[in-house]
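Topology and contacts: notes
Given next are the chains, with one letter for each unit.
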Amino acid sequence: QVQLAESGGGLVQAGGSLRLSCTASGPTYRSYIMGWFRQAPGKELEFVAAISWSGANTHYADSVKGRFTISRDNAKKTVYLQMKSLEPDDTAVYYCAADITGSGFKVESYEYDYWGQGTQVTVSS
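Residues numbered from 1 in each chain as written. Predicted model: local features only at pLDDT ≥ 70, side-chain atom pairs only at ≥ 80, totals over all residues. Heavy atoms only, no water.

Bringing the packing of aromatic side chains into the picture now. Across all of its chains, the model carries six aromatic pairs by this definition. Between Phe37 and Tyr112, the ring centres sit 5.1 Å apart and the planes meet at 80°, which makes this aromatic pair edge-to-face. Separated by 75 residues along the polypeptide, Phe37 in strand E4 (residues 33–39) and Tyr112 in the loop between strand E9 (92–99) and strand E10 (114–115) bring together distant segments of the chain. For Phe37, a relative accessible area of 0% puts it in the buried group. Between Tyr95 and Trp115 the ring centres are 6.4 Å apart and the planes differ by 75°, which places this aromatic pair in the edge-to-face class. On the criterion of sequence distance, the pair formed by Tyr95 in strand E9 and Trp115 in strand E10 is long-range, its members being 20 residues apart. The exposure class of Trp115 is partly exposed, given its relative accessible area of 28%. Site record: aromatic cluster; members linked through ring pairs are Phe37, Phe47, Tyr95, Tyr112 and Trp115. (Phe/Tyr/Trp six-rings, centres within 6.5 Å; stacked < 30°, edge-to-face > 60°. Helix = DSSP H or I, 4+ residues; strand = E, 2+ residues; numbered from the N terminus. Buried < 20%, exposed > 50% of the residue type's maximum accessible area, 1.4 Å probe, protein only.)

As structure tokens, this is what we get:
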């Protein structure tokens with residue numbers, strides 16, 4: 001079992017930046033693929049980015065490519081999502097998730113096994 005806790009959300013103006021963090025705790029933290037998802041009001045949960053255990057491989061949704069960067073520090077059991085050039089459409093609750101299978105990047109939420117509680121990101125125009 002692993003627990004995930006997001007932080008770093010907040011209110012930012014369009015064009016601004018935020019860095020989200022997701023810290024894992026619990027007795028098991030192994031070679032999980034980690035992902036970020038988001039859910040805007042009235043919309044479905046949407047894949048944002050994912051990163052391999054080593055951090056060498058990443059995958060992004062088209063909507064955030066070139067603006068968001070996912071990274072991880074395994075010594076700190078933390079995954080980051082650096083968000084730049086934020087737009088009002090990026091407003092959502094952001095969730096981190098862990099995929100314990102480690103077999104390739106997944107973009108569907110049901111394929112992830114552990115989830116954090118989410119952190120709100122609001123981008124004003």
